[in-house]
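Structure assessment
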Amino acid sequence: MILEACSAGVPVVAFPTGGIPEVIDHGRTGFLAESVGDMAMLALTLLSNPRAGITEAAHARWSNEFTLERYRLQTLKALTQSI
């Protein structure tokens, strides 16, 4: 869901678990919250100040690193290197 939000230009506030920190660069492409209180504060901040630059940066990162075409090219490269 986070990649979908980035592709759609929707701001993301998430906990830094699993692969989420690989997608979200705190303060640049979204926000990483350390607690439920942090998440609530960051969500309220986004509601009062949408920060268009963050959504643009998140969309740019998605289009440069996480599209299906990029995945396809990386898979092809890995397959050809293993042959």
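Residues numbered from 1 in each chain as written. Predicted model: local features only at pLDDT ≥ 70, side-chain atom pairs only at ≥ 80, totals over all residues. Heavy atoms only, no water.

**Side note on the overall build of the protein chain**
Scanning the protein chain for helices and strands turns up five helices and two strands. For the protein chain, the C-alpha atoms occupy an extent of roughly 50 × 25 × 15 Å along the three principal directions. Sequence-distant contacts in the protein chain: of pairs separated by 6 or more residues, those separated by 24 or more amount to 43%. Accessible surface, the protein chain as shown: approximately 5,600 Å² in total, 62% of it carbon and sulfur. (Helix = DSSP H or I, 4+ residues; strand = E, 2+ residues; numbered from the N terminus. Contact = heavy atoms within 4.5 Å. Areas by Shrake-Rupley, 256 points an atom, 1.4 Å probe, with all protein chains shown as cover.)

**Observations concerning the pattern of salt bridges**
Applying the stated criterion across every chain, the model contains two salt bridges. One salt bridge in this structure joins Arg61 and Glu65, with 3.6 Å as the shortest N-O distance. One end of the pair is Arg61 and the other is Glu65, both in helix 4 (residues 52–65) and four residues apart, which spans about a single turn. Residue classification places Arg61 among the buried positions, given a relative accessible area of 19%. On the basis of relative accessible area, Glu65 is assigned to the partly exposed category, the value being 36%. One salt bridge in this structure joins Arg72 and Glu69, with 2.6 Å as the shortest N-O distance. Here Glu69 and Arg72 lie together in helix 5 (residues 68–82), a separation of three residues that amounts to about one turn. (Salt bridge = Lys/Arg side-chain N within 4 Å of Asp/Glu carboxyl O. Buried < 20%, exposed > 50% of the residue type's maximum accessible area, 1.4 Å probe, protein only.)

**A short note on the side chain of Thr55**
Locating Thr55 in the fold gives a position in helix 4. Classification of Thr55 by relative accessible area gives buried; the value is 14%. Other than its neighbours up to four places away in sequence, Thr55 contacts Gly9, Val10 and Pro11.

**Regarding the nonpolar core**
Ala5, Cys6, Val12, Ala14, Ile20, Val23, Ile24, Leu32 and Ala58 form the largest nonpolar core, which has nine residues in total. For this core, the secondary structure elements donating two or more residues are helix 1 (2–8) and helix 2 (20–23). The next biggest cluster of nonpolar side chains, apart from the first, holds five residues, and it includes Phe31, Ala33, Leu46 and Ile54. (Core = buried A, V, L, I, M, F, W, Y, C linked by side-chain atoms within 4.5 Å.)

**Topic: a nonpolar patch on the surface**
A contiguous nonpolar surface patch, about 270 Å² in accessible area, is contributed by Leu73, Leu76 and Leu79. Topologically, Leu76 is positioned in helix 5. (Patch = residues over 30% accessible without salt bridge, like charges linked within 9 Å, V, L, I, M, F, W, Y side chains within 5 Å.)

**Comments concerning helix 4**
A rise of 1.5 Å per residue sets the reference length of helix 4, with its 14 residues, at 20 Å; its end C-alpha atoms lie 20 Å apart and thus fit the reference within 8%. All buried positions along helix 4 are accounted for by Ile54, Thr55, Ala57, Ala58 and Arg61. One side of helix 4 holds all its buried residues, which, seen down the axis, span an arc of 160°. Among the exposed residues of helix 4, those pointing more than 90 degrees away from its buried face are Glu56 and Asn64. (Expected span 1.5 Å × (residues − 1). Arc of directions from axis to C-beta.)

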